[in-house]
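# Secondary and tertiary structure notes
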Amino acid sequence: MSTVPTFPPADARPSVLGPTVVISGSVSAEEDIEIHGTLRGHLAAPDHCVRLEADAHIEADVLARDVTVLGTATGKFTATEIMDIRSTARLQGQIAAPRLVLEEGAIVNAKVETRSVDAAVRVAQYRKQR
């Protein structure tokens, strides 16, 4: 019996910005998002996951429920639940998240705040509205 591969429903798959995509400006998402390309500006997905892949180059303020970094990222990163920094990550800037996972091998030069995340979320949402 052969099986036909099935894809998860469209609302369960993340939106993907490919490696040749370059965005300068603001991105707002109401779904999970995976970035392989370049983003300069702002990214807001407050109720969703953002995954910055190993081939991503980010110079942005990022607000999301979960942020996973595998690539090169500079900016302010606000995660309302968890910030996950993998071994291939090169991150510089500011991190605000109640939980932080840092894999051995990652290079991080950042101010980290794990307590006053609510204030950081309010600031990030205010900036998104402007």
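Numbers given to residues run from 1 along each chain, matching the order in which its sequence is written. Thresholds applied to this predicted model are a pLDDT of at least 70 for local features of residues and 80 or more for the giving and counting of side-chain atom pairs; totals over whole chains, interfaces and linings are not thresholded and use all residues. Only hydrogens and water are removed before side-chain values are computed, so all heavy atoms of the structure are retained for them.

### Regarding the overall build of the protein chain
Keep this limit in mind: Segments assigned H or I by DSSP are reported as helices when at least four residues long, segments assigned E as strands when at least two residues long, and all are numbered from the N terminus. With a 1.4 Å probe rolled over the protein chains alone, any residue whose accessible area is under 20% of its type maximum counts as buried; one over 50% counts as exposed, and the rest are partly exposed. Note on definitions: a residue-residue contact is assigned when non-hydrogen atoms from the two residues lie within 4.5 Å. Only the protein chains shown count as cover for residues, and the accessible areas themselves come from Shrake-Rupley with a 1.4 Å probe.
The number of helices and strands found in the protein chain is one helix and nine strands. Counting from the amino terminus, helix and strand elements in the protein chain follow one another as β-β-β-β-β-β-β-β-β-α. Buried residues in the protein chain amount to 37% of all 130 residues. Residue pairs at least 24 apart in sequence account for 8% of intrachain contacts in the protein chain once pairs closer than 6 positions are excluded. Total accessible area on the protein chain is roughly 7,700 Å²; 50% of this is exposed by carbon and sulfur atoms.

### Here's the deal with the nonpolar core
Filter applied, for reference: Think of a nonpolar core as a cluster: buried Ala, Val, Leu, Ile, Met, Phe, Trp, Tyr and Cys residues, connected wherever their side-chain atoms sit within 4.5 Å.
Ranked by internal contacts, the top residues of the largest apolar core, which has 26 residues, are L52, I58 and M83. Listing elements by their share of this core, those giving two or more residues are β3 (33–35), β4 (38–52), β5 (57–69), β6 (72–85) and β7 (90–96). Per-element accounting of this core gives the leading share, six residues, to β5. In this structure, L52 is in contact with I35, I58, T68, V69, L70, G71, A73 and F77, ignoring residues within four places of it in sequence.

### Digging into the confidence of the model for the protein chain
Applicable threshold: Across the chain, each position has a pLDDT score giving the predictor's confidence in that residue, from 0 to 100.
With 80% of its residues at a pLDDT of 70 or more, the protein chain has an overall mean of 86. Counting interchain partners and residues more than four positions distant, the pLDDT-below-50 stretch residues 4–8 has two contacts.

### A short note on the side chain of E34
So the rule is basically this: The charged-residue count follows a simple rule in which Lys and Arg add positive charge and Asp and Glu add negative charge, with His and chain termini not counted at all. Each salt bridge in this description consists of a side-chain nitrogen of Lys or Arg and a carboxyl oxygen of Asp or Glu lying within 4 Å of one another.
Along the chain, E34 turns up in strand β3. Although E34 is buried, it makes no salt bridge; R51 carries the closest opposite charge, 4.8 Å away. Look past the residues within four positions of E34 in its chain and what remains in contact with it is P14, S15, V16, L17, R51 and E53.

### Re the pattern of salt bridges
Pairs can form between side chains of opposite charge once their charged atoms are near each other. Under the defined criterion, the tally for this structure stands at three salt bridges. For the salt bridge of D66 with R65, the shortest nitrogen-to-oxygen distance reads 3.4 Å. Residue D84 is joined to R86 by a salt bridge in which the shortest nitrogen-to-oxygen separation is 2.9 Å.

### Looking at a nonpolar patch on the surface
Applicable threshold: To count toward a patch, a residue needs a relative accessible area over 30% and no salt bridge; like charges are then connected within 9 Å, while nonpolar side chains (Val, Leu, Ile, Met, Phe, Trp, Tyr) are connected within 5 Å.
A contiguous nonpolar surface patch, about 300 Å² in accessible area, is contributed by L100, L102, V108 and V112. Listed by contribution, the elements that provide at least two residues to the nonpolar patch are β8 (100–102) and β9 (107–113). Inspection of the secondary structure assignment puts V112 in strand β9.

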